Amino acid sequence: MSSDVNSSDVNTGVTIPTGNREDEIQVYDLHKSFGDLEVLKGIDLVVHRGEVVCVIGPSGSGKSTLLRCVNLLEQPTKGRIFILNDEITDPDADVDHIRTLMGMVFQSFNLFPHLTALENCSIALTQVLKKSPAEAKKIAMENLHKVGLGDRGDSYPLKLSGGQQQRVAIARALSMDPELMLFDEPTSALDPELVGDVLSVMRDLAADGMTMMVVTHEMAFAREVADRVIFMDGGVIVEEGPPADVIGNPKEERTRTFLARVLDPTHVHTPDDEQPDRSRQSGPTDPPVEPRPHRSRLLGF
């Protein structure tokens, strides 16, 4: 459902939504709680067409919850989210249609184990987009070639390495011809030697102008590829800006402490290394472990 009338936030004067199709993701005053635990505490964010935004931060900071709220795999407690100016949080929204505008890649690959790589990439094309089997196969093969797996279309997931399975998952998302891509720590479940192949595919997507929102712990990737880096902690955005600023010369003490630990993991930290910011975070923000959505839900059927 399209938003026909823009409204204005009385506190900020910001027009919601902006009405600019270049603003592909718009998030306003986003809150998410699991019971009494508030995981997101008022996130405001706009991602522009062709922009690569990397979200970094410690475990439990709300990064993945933010990403999952963007395509409504998690239902926000409060706030509004627009995808290309269509409000996915509107109770009357055609959520399945809006989701077809977004490809999502998870930490785990979520491939159907009984289907080949080619079938994993083509099933949503026939079942959701109602394309013919021949057209779906053609599109799926093109995207498998794009991620360097054109010769593995007949392989089942168990016959593929973790890095290859993740590249199939990327090809599956690309096969739906999305306007933008969401990546939730796509390399965290991989052996270190397999990470490079997946990041290489993501670099190519960025170079081709794909809009990307990436939750990651890969600081080198964020520094090299991102247009903007967002550092989250305690359910809020602590700092954001170009990677040269946020990663290379952070302004906030909490950002500096986090990066010191990530970039120099062999350093032995003492309790005096960091004083927690009580005004921002009153407790851990790791949400309860919830079951992953069924694969059919992710594909929209």
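Here the structure is a predicted model, which is why all the values come from computation and not from measurement.

A. Fine view of the pattern of salt bridges. Summed over all chains, the structure comprises 16 salt bridges. The salt bridge involving Glu-51 is made with Arg-228; its shortest N-O contact spans 3.0 Å. Linking Glu-51 in the loop between β4 (37–48) and β5 (52–56) with Arg-228 in strand β11 (residues 228–233), this pair joins segments that are 177 residues apart in sequence. Close ionic contact of Arg-80 with Glu-87 constitutes a salt bridge, the shortest N to O distance being 3.0 Å. Here the salt bridges do not stand alone but share partners, grouping Arg-21, Glu-22, Glu-24, Arg-49 and Glu-179 into one network.

B. Structural view of the packing of aromatic side chains. Counted under the stated rule, the structure contains two aromatic pairs. Measuring from centroid to centroid gives 6.0 Å for Tyr-28 and Phe-82, while their planes differ by 70°, and the two rings are edge-to-face. Of this pair, Tyr-28 sits in strand β3 (residues 23–34) while Phe-82 sits in strand β6 (residues 78–83), placing them 54 residues apart in sequence. Here Tyr-28 matches Phe-82 in class, with each residue buried. Note on Phe-231 and Phe-258: the rings are 5.2 Å apart at their centroids and 35° apart in plane angle, and the pair reads as tilted. With Phe-231 in strand β11 and Phe-258 in helix α9 (residues 253–263), this residue pair connects regions lying 27 residues apart in the sequence.

C. Representation of the side chain of Asn-143 within the structure. Of note, Asn-143 is situated in helix α4 (residues 133–146). Given a relative accessible area of 7%, Asn-143 falls into the buried group. With residues up to four places along the chain from it excluded, the contact list for Asn-143 reads Ala-171, Leu-174 and Ser-175.

D. A look at the pairing of β4. In the sheet, β3 pairs with β4 via nine bridges, with the strands oriented antiparallel. If you follow Asp-23 over to β4, its bridge partner there is His-48.

E. Spotlight on the nonpolar core. If you look at the biggest cluster of nonpolar residues, it comprises 47 residues, and the most contacted ones within it are Leu-144, Val-168, Ile-170, Met-181, Phe-183, Met-202 and Met-212. Setting aside anything within four residues of it in sequence, one finds Met-212 in contact with Glu-51, Val-52, Val-53, Met-181, Phe-183, Met-202, Leu-205 and Ala-206. Listed in part, the 32 residues of the second largest apolar core include Leu-40, Leu-66, Ile-88 and Met-104.

F. Quick look at the sheet that holds β3. Across the sheet, which stays open at both edges, the four strands sit in the order β4-β3-β6-β7 with antiparallel pairing between neighbours. Either end of the sheet is taken by a strand with one partner, and the two such strands are β4 and β7 (86–87). Pairing analysis gives two bridges linking β6 to β7, with the strands arranged antiparallel. Looking at the pairing, Ile-83 lines up with Asp-86 of β7. Seen against the sheet, helix α1 (residues 63–70) touches β3, β4 and β6 and runs at an angle of roughly 120° to β3.

G. View of the sheet that holds β11. In spatial order, the strands read β8-β9-β10-β5-β11-β12; together these six strands make up an open sheet with mixed pairing. If you trace the sheet from one side to the other, it starts and ends with β8 (102–105) and β12 (236–241), each paired once. Pairwise comparison of adjacent strand axes, ignoring direction, gives a mean angle of 15° for this sheet. Strand direction decides the pairing type here: β8 and strand β9 (residues 180–184), joined by four bridges, are parallel. Across the sheet, Gly-103 pairs through a bridge with Met-181, a residue of β9. Docked against the sheet, helix α6 (residues 192–207) engages β5, β9 and β10 (211–215), running at close to 145° with respect to β10.

H. The arrangement of the environment of His-48 in detail. Position of His-48 relative to the elements: it lies in strand β4. Residues His-48 and Met-212, 164 residues apart in the sequence, show an inter-C-alpha distance of 9.3 Å. The residues contacting His-48, other than those within four sequence positions of it, are Glu-22, Asp-23, Glu-24, Thr-211 and Arg-228. A distance of 2.8 Å separates a polar atom in the side chain of His-48 from a polar atom in the side chain of Asp-23.

I. How the structure looks around the environment of Leu-190. Note on placement: Leu-190 falls in the loop between β9 and α6. Setting aside anything within four residues of it in sequence, one finds Leu-190 in contact with Phe-109, Gly-162, Gly-163, Val-195 and Val-198.

J. Summary view of the packing of helix α3 (residues 117–127) against helix α5 (residues 162–175). Orientation of α3 relative to α5, taken along the N-to-C sense of each, is 25°, at an axis distance of 8 Å. On the basis of the axis angle, α3 is roughly parallel to α5. At the point where α3 passes α5, the crossing takes the right-handed sense. Along the contact surface, α3 presents Ala-117, Asn-120, Cys-121 and Leu-125, while α5 presents Val-168, Ala-171, Arg-172 and Ser-175.

Reading the values: the criteria
Residues numbered from 1 in each chain as written. Predicted model: local features only at pLDDT ≥ 70, side-chain atom pairs only at ≥ 80, totals over all residues. Heavy atoms only, no water. Salt bridge = Lys/Arg side-chain N within 4 Å of Asp/Glu carboxyl O. Helix = DSSP H or I, 4+ residues; strand = E, 2+ residues; numbered from the N terminus. Phe/Tyr/Trp six-rings, centres within 6.5 Å; stacked < 30°, edge-to-face > 60°. Buried < 20%, exposed > 50% of the residue type's maximum accessible area, 1.4 Å probe, protein only. Contact = heavy atoms within 4.5 Å. Pairing = 2+ DSSP bridges. Core = buried A, V, L, I, M, F, W, Y, C linked by side-chain atoms within 4.5 Å. Axes fitted to C-alpha atoms, helices over the stretch in contact; angles between N-to-C directions. Polar contact = N/O pair within 3.5 Å; in protein donor to acceptor, adjacent residues only side chain to side chain. Parallel < 35°, antiparallel > 145°, perpendicular 65-115°, else oblique. Left-handed = near helix turned anticlockwise from the far one by under 90°.

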